[in-house]
Amino acid sequence: MEAKLSSIEGAMIAPGPNLPNIRNELIARALSVERLLISTWRECFTPDDSVALLAVGGFGRAELFLHSDVDLLILSSPHPTPALLAQIAAFEALAWQLKLDLAISVRDVASAVLFASEDLSFFTSLLDLRLLCGCAALGDQLLLQLEPTILWAPKDFFAAKMAEQSQRHRRFSDTAYNNEPNLKEGPGGLRDLHTIRWIAQRQFAGGRNAPGWAFLQEHGFVSAPERQALEHAEALLSTLRQSLHELSKRKEERLLFDHQIALAAHFGFVDKDFSNRAVEQLMQRYFRAVGSVIRLNIMLTARFAQRFESSEIVPIDGGFVLRCGQLDLSEKNSAALTLESAFQFLARWQNLPQVSGVGANFLEAVGALLAKPTADADNLALAAFLTLLDAPERVAQALAIAATNGLLGRILPAFEHVTGRMQYDLFHAYTVDQHTLFVLEKLEAMRTLASNDDAPLTIAVWQRIAKPRLLFLAALFHDIAKGRGGDHSTLGAADVRDFGARCGMAENEIDLIAWLVTEHLTMSTTAQKRDIQDPAVVRSFALMVADRERLDHLYLLTVADIRGTNPKLWNGWKARLLEDLYGATRFALRQGLELPMHASERMQARQAQALALLQGEGAGRTQVQTLWQDFPEFAFLRHSPDELRFQTQAVLAARRFGEHEVILLRPIPGAAALELFVRVTDRAGIFATIATVLDRMNISVLGARIGLAPSGMTHDTFQLHDLRAEVQVSPRERAREVQMDLKLALSAPVLKPRVSKRVATRQQRHFQFPAQIEISTNSDARLSTLALTCPDVFGLLAHVSLSFFEHDVRVHSARIATFGERVEDFFSLSDADGRALSAAKSEQLMASIRAKLSG
C-alpha cells in the first residue's frame, strides 16, 4: 500500500452546464486533511513504532466532502505497550483539535478481521483503505486477510450488499422521487453507485481500492457509454452534495426545501415562468441523474447476479429465456430488439406471475435500442404498447419497468418531458412521472384487492369498466402536460387526441379519455370545496358528467389521483366525501336531470329514511316528529339520514336525563373522522369558542354546518380530524376529554375565545404567500360567501373565527380544504340580523383576518 493520492483517478467528466466538476475539489480536500493528519502523527510516533494510520471509507477513496466524516483506522500490534497506548491517545487528542469530523477506530489486525467478518459496514469501509503513515507491514497483514478466499467471497458479499440495499431503499418507501430526497442514502443516490463499485472491487480487484469507473470498463463489465453515464451521475450528485454541505454548514444529505432555491441560484438556474421555475429545473436535473443511477444499478446488479447465481437457463416461446427468476432475452435475440418487440417482451412478462423482474440482456438491449435515433414509435409499436394495458394484471408494474428504462418516454414523448419533473409545493409529494406511476398502481390495486377498506365502493365500480385500457390511458395522460405553460388538463387532452388518432382508436374512446383528462380535478374539488348535500351543487356536477360511464371512470381516476399524490392526503373522510358525491350524482342521473327533486320532496325523503332508522332503535314516531319541529329546516336538506338519526338520539337522550343542551362527539361511520354535534343556547361567540378549543386540542375542522333551531338553540355540526401524533388514551376517553373541554368553555358567563400560539413547521415557512380573501353575496341576497386562500398554518380557523366573533358575524356553514401548503376555505356568513354583510362590514372583516394571519 502507498499513501499517495496521485494513484486515484483524476477529474471526472463534467455533467454539463450549471453543474461544474467536483472531483478535483474532493481530492484536494482529502490531500489537505491527509497532510494535517500525517504531520500530527509524526509528532506522536517514530517510524519504528508498531502502529499504522489508515484512511478508510470515503476518506480512503479520496471522496472527502466539506462536512463528511474523516474515517480512520489505527492498526497496532496485538499487545500494545502502555507507552504505545499513550501515544495513540495523544494522537487522537491532537487530531480532534484539528476540528475535523473524525471517526477513529483502533484495532489490531486480528480484531479488525474478526469484526469485518461480522459487520458488513466495517468490512465495506476496508475496501477503500489506504496507508497514510506508520508501519506498512501491519497494513499489508490486514490486506492479506481481506482476500476473497479468506473473507467475504464475492458471491456472499454480493448477496449481503443486495439485501442491505433493499433494506435501505425500504426506509425511503422504495422511491427516490419525493420532494425532499436524500441524495446519499436514497434510491438512486450516491450509495447506490458505491454499492456497484464495491461489488465490482470484490469481484475484479480482490477487494483492493479501485477508485473511479475505468477498471469496470477494463474488465469488460461496462461499455464506454455506460461508464460515461456512471461518471456523469456521480459527478452531478457529488457536486450537489458538496454544495449542500457548504450552504447548510453541516453534514446535510437531504435536499430539503430549505436549500433547494439557494442551490438553484448557486448553479445559475433562472425562472423561465411560473410553470418552469429555477428550483424545478435544478431538481429535474437531479431526478434524471437519479433515474440514470437506478437504471444502471438494476442492470449492473443483474449482470452480477448472472455471474454469481448458477441458475439454469430455460428457453420459452418468443425467443425469451428464464434465468435467475427473471425473464430475459436470449443472446441471439438481444441485438434484434425493436420498440415493438420490447413491448411484446413486457407483455410476455405480465403473463408470468412467478417471474420477479427482467434480465440484464433485455436491459442492455433497451439501452442500445434507445441510443438509436431511428427507434421511434410506429403503428406496430403502438399496438404492442396498448396490449400491455389490456392485461388482467401487472399493468402498472410493466409500465413502471417501461418508464424506468426509457421505453415509456419513447412511445409517449410527452412523458419524457415530465420525467423527473418536481412541483415545488407541499401538495405533490413526488415527481410528475412517479406520481403517474403511483396513480396507475393505485388504479390497478382497486380492481385486484379482495377488499378495500379505504374505498370499498371502488371494487364494485371497477366491475363495470368495460375497457380498462381507457382508464389507464387517462391516468397516463392526466398530468403529462405539466410544466409547459397553460392549463395542463387542456393541453393533456389535446395530447390524448393526437395519440388516439395515431393508434386508430374509436372516436368515442378518444372523447372519453380526453374528457377524463380535462376534468380529472373536478370531482375532487367539488367534493372538498362545495356543499355536496346541496341539490344544486349535485345537479351542476351531474350535468357536467352527463352519464354513468363517465361518472364511473372519473370516480376511480379521482380516488387513484388523490392516493397517488401524497400519502398524507388520503383518508376515510375524503373517501366518504367522494362516495357521497358519487351516490348523489348517480341518483340525479337516474332520476333525470330535467326533473330535479324539490326541497320539500327531499326533506320528506330524508325524514322518512331517518325515522325508519330511529324506529328500528326503539324511538317513537310521535316523539321524534314532535322534536323535529324544533330542528332547523336546513337539517333535513343538508344532513344525511344517519346524521339526523344521531342528532335526534342525542337530544332525546339528553332530555331523558333532564338536560337541554347537547355536546356530543362520535366517529363518522366509514370515515377516519369525527362528528361533533352542539345544541346549546345561542349567543355570540359560540363558533369562535368551539374553533379555538378544538385548535388547542390539536383537532382540525374539516367542515361545519351552523344553524339555529326555532327555540333559539344552536344546531351545529362539525366534521373533525384528530391530529395527535400519538394515541395516549382510548377513542372513548378522548371523546369525553373533548366534550368536557367544550362544555367548560361554552358554560362561561361571557365567552372569551383564546387562540393558542404555535409556530409554522419548517416546511410551511418556505411556502408563504399573501392571503387572498373575497366576499360575495349569494344569489338570494340573504347570505354572504367568504372565500379564503392562504398558507396552511396552525390555528388558522381559530384566528378566522375570532375575527367573525369580534365583528359580530354569524357563520352558517364552512368548508375547510387543505392542499399541501395551501388552504382553500369557504364560509357562508350573515350579520347579527341574519342579512348579507354590507360592503363596509365586509372590508372590516377582511382587514381583520389579514391582520391576524400576517401577525
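Worth saying up front: this structure is predicted, and the values here are computed from it rather than measured. (Residues numbered from 1 in each chain as written. Predicted model: local features only at pLDDT ≥ 70, side-chain atom pairs only at ≥ 80, totals over all residues. Heavy atoms only, no water.)

Student: Quick question: what am I supposed to make of the overall build of the protein chain here?
Tutor: Of regular secondary structure, the protein chain possesses 36 helices and 16 strands. For the protein chain, the C-alpha atoms occupy an extent of roughly 100 × 70 × 50 Å along the three principal directions. The proportion of buried residues among the 855 residues of the protein chain is 56%. When contacts within the protein chain are restricted to residue pairs at least 6 apart in sequence, long-range pairs at least 24 apart make up 71% of them. Here the protein chain has roughly 35900 Å² of accessible surface; of this, 53% comes from carbon and sulfur atoms. Put simply, the protein chain has 90 plus and 98 minus side-chain charges, and the middle of one group is 3 Å from the middle of the other. (Helix = DSSP H or I, 4+ residues; strand = E, 2+ residues; numbered from the N terminus. Buried < 20%, exposed > 50% of the residue type's maximum accessible area, 1.4 Å probe, protein only. Contact = heavy atoms within 4.5 Å. Areas by Shrake-Rupley, 256 points an atom, 1.4 Å probe, with all protein chains shown as cover. Lys, Arg positive; Asp, Glu negative; His and termini not counted. Charge placed at Lys NZ, Arg CZ, Asp CG, Glu CD.)

Student: Please clarify how the pairing of strand 1 (residues 51–55) should be interpreted in this entry.
Tutor: For a regular strand, side-chain orientation follows a simple rule: the groups alternate between the two sheet faces. Counting buried residues in strand 1 gives five out of five residues, a clear majority hidden from the surface. Where burial is concerned, the two faces of strand 1 agree: the one with Val51, Leu53 and Ala55 and the one with Ala52 and Leu54 are both buried. Here strand 1 runs beside strand 2 (residues 70–76); their pairing, made up of five bridges, is antiparallel. Bridged to alanine 55 within strand 2 is leucine 72. In this sheet, strand 4 (residues 130–134) lies alongside strand 1 in antiparallel orientation, the contact comprising four bridges. Bridging from a neighbouring strand, leucine 54 pairs with leucine 131 of strand 4. (Pairing = 2+ DSSP bridges.)

Student: I'm lost on the nonpolar core in this one. Help?
Tutor: Ranked by size, the top nonpolar core spans 168 residues in total, and within it Phe343, Phe362, Phe385, Leu407, Leu408 and Leu473 carry the most contacts. Ranked by residue count, the leading element in this core is helix 12 (residues 278–308), at 16 residues. Look past the residues within four positions of leucine 473 in its chain and what remains in contact with it is Phe385, Leu386, Leu389, Phe499, Met505 and Ile513. Residues Ile690, Val800, Ile816 and Val823 belong to the second largest nonpolar core, which totals 43 residues. (Core = buried A, V, L, I, M, F, W, Y, C linked by side-chain atoms within 4.5 Å.)

Student: Would you explain the pattern of salt bridges in this entry?
Tutor: Side-chain pairs of opposite charge can arise where the charged atoms are in close proximity. Using the criterion set out here, one finds 46 salt bridges in the structure. Between arginine 679 and aspartate 630 there is a salt bridge; the shortest N-O distance is 2.4 Å. One end of the pair, arginine 679, is in strand 10 (residues 674–679); the other, aspartate 630, is in the loop between helix 30 (621–628) and helix 31 (635–638), with 49 residues separating them in the sequence. With respect to burial, arginine 679 and aspartate 630 carry one shared label: buried. (Salt bridge = Lys/Arg side-chain N within 4 Å of Asp/Glu carboxyl O.)

Student: Where do I start with the sheet that holds strand 5 (residues 314–316) in this structure?
Tutor: In a beta sheet, neighbouring strands pair by backbone hydrogen bonds and run either parallel or antiparallel. The four strands are arranged 5-6-7-8 in an open sheet whose pairing can be described as mixed. Of all strands in the sheet, those with a lone pairing partner are strand 5 and strand 8 (357–358), marking the two edges. Looking at chain direction, strand 5 and strand 6 (residues 320–323) are connected through three bridges and run antiparallel. Counterpart to valine 314 in the pairing with strand 6 is leucine 322. In this fold helix 14 (residues 339–350) packs onto strand 5, strand 6, strand 7 (326–329) and strand 8, with an angle of close to 155 degrees to the strand it touches most, strand 7. Docked against the sheet, helix 15 (residues 360–370) engages strand 6, strand 7 and strand 8, running at close to 50 degrees with respect to strand 7. (Axes fitted to C-alpha atoms, helices over the stretch in contact; angles between N-to-C directions.)

Student: I tried to follow the packing of helix 8 (residues 190–204) against helix 10 (residues 224–248) on my own but got confused; where do I start?
Tutor: Packed helix pairs are specified by the crossing angle of their axes together with the interaxial distance, meaning the distance between the axes. Where helix 8 contacts helix 10, the two axes come as close as 10 Å, and the packing angle between them is 135 degrees. Judged on the interaxial angle alone, helix 10 and helix 8 are oblique. In the crossing of helix 8 with helix 10, the sense of the turn from one axis to the other is left-handed. Mapping the contact onto sequence places Leu190, Leu193 and Arg197 in helix 8 and Leu230, Ala233, Glu234, Leu237, Ser238 and Arg241 in helix 10. Residue composition of the contact of helix 8 with helix 10, grouped by class: five nonpolar, one polar and three charged. (Parallel < 35°, antiparallel > 145°, perpendicular 65-115°, else oblique. Left-handed = near helix turned anticlockwise from the far one by under 90°. Nonpolar A, V, L, I, M, F, W, Y, C, P; charged D, E, K, R; others polar.)

Student: Looking at this structure, how should I read the pairing of strand 15 (residues 810–819)?
Tutor: Strand direction decides the pairing type here: strand 11 (residues 699–705) and strand 15, joined by three bridges, are antiparallel. Bridged to arginine 705 within strand 15 is serine 813. Note that strand 15 and strand 16 (residues 822–830) share nine bridges and pair antiparallel. The partner of arginine 810 across the bridge, within strand 16, is serine 830.

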